[in-house]
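# Results of the structural survey
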Amino acid sequence: MAAQPQNVTGLLPAGEPVRFVAEDGTAGPPPPGYTEPSPERLREAYRRMVLGRRFDTQATALTKQGRLAVYPSAAGQEACQIAAALALRDDDWLFPTYRDSMALVARGLDPVQLMELLRGTWHCGYDPHATFTAPQCTPLATQTLHAAGLADAIRRRGEERVVLALIGDGGTSEGDFHEALNFAAVFHVPVVFFVQNNGFAISVPLAKQTRAPALAYKGVGYGVASEQVDGNDLVAVLSVLDHAVAHARRGGGPFLVEAHTYRMDAHTNADDATRYRDAAEVERWRAADPVRRLETHLRERGVLTEEDVAADAAAAEEFAAGFRARMNAEPEVDPLGLFAHVYAEPTRQLAAQRETLRAELAAQEG
Amino acid sequence: MEQLTMAQALNSALRDALKDDGRVLVSGEDVGPLGGVFRVTDGLTHDFGEDRCFDTPLAESGIVGHAVGLAMGGFRPVVEMQFDAFAYPAFEQITSHVAKLRNRTRGRVELPMVIRIPYAGGIGGVEHHCDSSEVYYTHTPGLRVVTPATPQDAYDLLRDAIESPDPVVFLEPKCRYWAREPVSFDRTGTPFDRAAIRRRGTDITLIAYGPMVATALAAAEAAAEEGRDVEVVDLRTLSPVDDETIAESVRRTGRAVVVHEAAGFCGYGAEIAARVSEQCFHHLEAPVLRVTGFDIPYAPPKLESSHLPNVDRILDAIDRLQWDDQVTLAAQGSVRDA
């Protein structure tokens, strides 16, 4: 068990969010203690951001066509979504929420499998163990405890893997978030809690959610090293997450990162954001667009050409077209599968109920 | 065979599981050097090290949620909730995650974990220490819910629970922690998902579990003196329930009384009464009756004897089971004329 941390200052986040690239795409002086990720990784991040954004608009469009029951968009949060995926190795674990589909696409999960939840054909369509990705969590903050526990399993085995748990600003008010910070610190486990503070918990703005100077300050009370970052600056988010992940991987214990970002769309397609926020605020954040910001930065660095931009856009279109085509096919569902996985083996009662449903279905077909 | 209390039998089960399977971990509040408030984990940290049996921060949702992650990571956690009512902060973790993760992932993520909960009253505990919380868990598909009534079953059921691929809520009747009997460790007793007939009888079936099995057996002895031959079924597993053993017994006896400590309204006995009606209707000589706690928050220590079902209440219920002698009396006119 780790000793009590002595140095409070070492746990505190920077007074202002860490930033590498200004809203207009110009690079400032590198923030102390952080290094800019390699041009290759930033180039890859740009490609995945363009793809992720296109995926996101396609998913929203699919709700309008009735192909998805609901879709919580991550538009505006591309830097956070893609950096979360890029900061991890393939066999590190990611614990996403319902708003993090884009991160899962960036992780390489099959988009149709991961849409099973929102398509309504099952609850989680991908294999968590094969993808090292937990089911997208719809209860708030409960997944942060699972992440802490899985990180504890990793620690107990002496492995060098890490766990990254995603959570929103609203979720930090839930008790489980605080218990997770505490458990992670007490057991000194390799987990990074990554708060995407997008300004709203459905309609409730951050000012009504907390009086904390920043959500990143919630770490220090638990002895968890913390940082806050400009969530629309991919360079900064990836750099800070790299730092946090490395800290966890080398046995430094848990790390809390808060990214200041903005949810450009409503909570979901079923929500009406005009009831609780001004269009002017949304426009102001449009100026902080994370994709354009990285594009400007990389062009100035000579890492990204006109042709690259066109090629990435075309690849994203192609990806969206393939996704759309597969989603337009009528999904297969198996009513009898409802009984298959409640227990390792169906109980006698469930076997009987399955038989009842089977007979009902047979009668309907007959 | 060794004479063991139920608490000691549970300790032996944990000990043997820790010995047999390196993936088993024991965690909870005060389960470490103290050995748990009921001493069920006595000596485990000393003998197996703090890596295998360890104290956690005082947060029940955290204990269960942390164990979910451990189980996803390949361990087989056994967590202790200190008391029934103190498990409620973990309710979301248990119902939304522990119970559902296998189903949610089409069987790809198993959660072989055990949540031990000392439950029910009869020990003079102050409020929030004596709840009978079983139906909160039995109403949740995906959980197995078991409760031993004897030291032998405590050992057998806990070993089975730890080896189960499904998550198990393991309810320990704390008033029976100090009951003593010879306990065998050869695991040749009743299978995990089966009820046990504790006393053979021909006239009526008493159906009980956990803390009330001993009371039901005492009532059966008293009824024998009054000429009624009572069978006592100890359910052991509340979910899934062993319909076969119950139905087979009631079809033989034709009468049934369900006994439990928990409030009767929407209680476990309602489910059993419904199932017996559905499965044994043509064999029944009388409606299925329930003897349960009142529909009140658990009574304070000085009043709990008024609340808890006892032998007299069970005997009264047995008397109300429309025996032939009473039916004859009614037919002679006294009821009709009144």
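For clarity, every value in this text was computed on a predicted model and none was experimentally measured.

### A word on the overall build of chain B
- Tallying secondary structure elements over chain B gives 14 helices and 14 strands in all.
- Burial status across chain B gives 55% buried among its 338 residues.
- Relative to all contacts within chain B whose residues are 6 or more apart in sequence, the contacts with residues 24 or more apart total 78%.

### With respect to the environment of Ala85(B)
Residue and element names in this part refer to chain B.
- Mapped onto the elements of the fold, alanine 85 is located in the loop between β4 (76–80) and α4 (91–98).
- The class for alanine 85 is partly exposed, based on 18 C-beta atoms found within 10 Å.
- For the pair alanine 85 and proline 173, spaced 88 residues apart in the sequence, the C-alpha separation amounts to 13 Å.

### So, the domain arrangement of chain B
Residues and elements named next belong to chain B.
- When its domains are assigned, chain B resolves into domain 1 (2–183) and domain 2 (196–327).
- For domain 1 versus domain 2, the separation of C-alpha centres amounts to 27 Å.
- Each partner contributes residues to the interface: domain 1 has 26 residues there, and domain 2 has 22 residues.
- Elements that contribute at least two residues to the side of domain 1 that touches domain 2 include exactly α6 (134–138), β6 (144–146), α7 (151–163) and β7 (168–173).
- Its residues placed into classes, the side of domain 1 that touches domain 2 shows 13 nonpolar, seven polar and six charged.

### Describing the domain arrangement of chain A
- Considered domain by domain, chain A is made up of domain 1 (8–333) and domain 2 (335–366).
- Centre-to-centre, using C-alpha coordinates, domain 1 of chain A lies 39 Å away from domain 2 of chain A.

### Here's the deal with helix α9 (residues 175–186) of chain A
- Over its 12 residues, α9(A) runs 16 Å from end to end, which matches the ideal 16 Å to within 8%, given 1.5 Å per residue.
- Counting buried positions along α9(A) gives 10 out of 12 residues, so the element sits mostly inside the fold.
- Of the residues making up α9(A), those classed as buried are Asp176(A), Phe177(A), Glu179(A), Ala180(A), Leu181(A), Asn182(A), Phe183(A), Ala184(A), Ala185(A) and Val186(A).
- Contact partners of the buried residues in α9(A): α8 (142–157), β2 (163–168), β3 (191–197) and β7 (255–260) of chain A together with α3 (60–72) of chain B.
- Downstream of α9(A) by a residue or two, His188(A) has a phi angle that is positive, lying close to 55°.

### Quick look at the interface of chain A and chain B
- Taken together, the contact between chain A and chain B spans 33 residues of the former and 32 residues of the latter.
- At 11 residues, the largest contribution of residues to the side of chain A that touches chain B is made by α8(A).
- A class-by-class count of the residues in the side of chain A that touches chain B yields 17 nonpolar, 10 polar and six charged.

### Topic: the UniProt feature "domain: Dehydrogenase E1 component" (unreviewed entry) in chain A
- According to UniProt, the feature "domain: Dehydrogenase E1 component" (unreviewed entry) maps to residues 46–310 of chain A in the numbering used here.
- Measuring from the first to the last C-alpha atom of residues 46–310 of chain A gives 12 Å, for a span that is 45% helix and 12% strand.

### Remarks on the packing of helix α2 (residues 39–64) of chain A against helix α3 (residues 78–86) of chain A
All names here are of chain A.
- Running from amino to carboxyl end, α2 crosses α3 at an angle of 125°, the nearest separation of the two axes being 9 Å. What the angle tells us is that α2 and α3 run oblique. The two elements α2 and α3 cross, and the hand of that crossing is right-handed. Mapping the contact onto sequence places Arg41, Glu44, Ala45, Arg48, Met49, Gly52 and Arg53 in α2 and Glu78, Gln81, Ile82, Ala83 and Leu86 in α3.
- Looking at the contact of α2 with α3, its residues break down into five nonpolar, two polar and five charged.

### Observations regarding the pairing of strand β5 (residues 114–119) of chain B
Residue and element names in this part refer to chain B.
- Buried residues dominate β5, accounting for six of its six residues.
- Of the two faces of β5, the one lined by Val114, Arg116 and Pro118 and the one lined by Ile115, Ile117 and Tyr119 are each fully buried.
- Note: β4 against β5, three bridges, orientation parallel. Note on β5: the bridge partner recorded for valine 78 is valine 114.

### Notes on the packing of α8(A) against α9(A)
Residue and element names in this part refer to chain A.
- For the pair α8 and α9, interaxial distance at closest approach is 7 Å and the crossing angle is 15°. Relative to α9, the element α8 is oriented roughly parallel. Every pair of crossing elements has a handedness; the one defined by α8 and α9 is left-handed. Contact residues: Thr142, Thr144, Leu145, Ala147, Ala148 and Ala151 in α8; Asp176, Phe177, Glu179, Ala180, Phe183 and Ala184 in α9.
- The residue makeup of the contact of α8 with α9, split by class, is eight nonpolar, two polar and two charged.

The rules behind each value
Residues numbered from 1 in each chain as written. Chains lettered and ligands numbered in written order. Predicted model: local features only at pLDDT ≥ 70, side-chain atom pairs only at ≥ 80, totals over all residues. Helix = DSSP H or I, 4+ residues; strand = E, 2+ residues; numbered from the N terminus. Buried ≥ 20, exposed ≤ 12 C-beta atoms within 10 Å, placed from the backbone. Contact = placed C-beta atoms within 7 Å. Domains from an automatic or database assignment. Nonpolar A, V, L, I, M, F, W, Y, C, P; charged D, E, K, R; others polar. Expected span 1.5 Å × (residues − 1). UniProt positions renumbered as here; feature names shortened; annotations may be inferred. Axes fitted to C-alpha atoms, helices over the stretch in contact; angles between N-to-C directions. Parallel < 35°, antiparallel > 145°, perpendicular 65-115°, else oblique. Left-handed = near helix turned anticlockwise from the far one by under 90°. Pairing = 2+ DSSP bridges.

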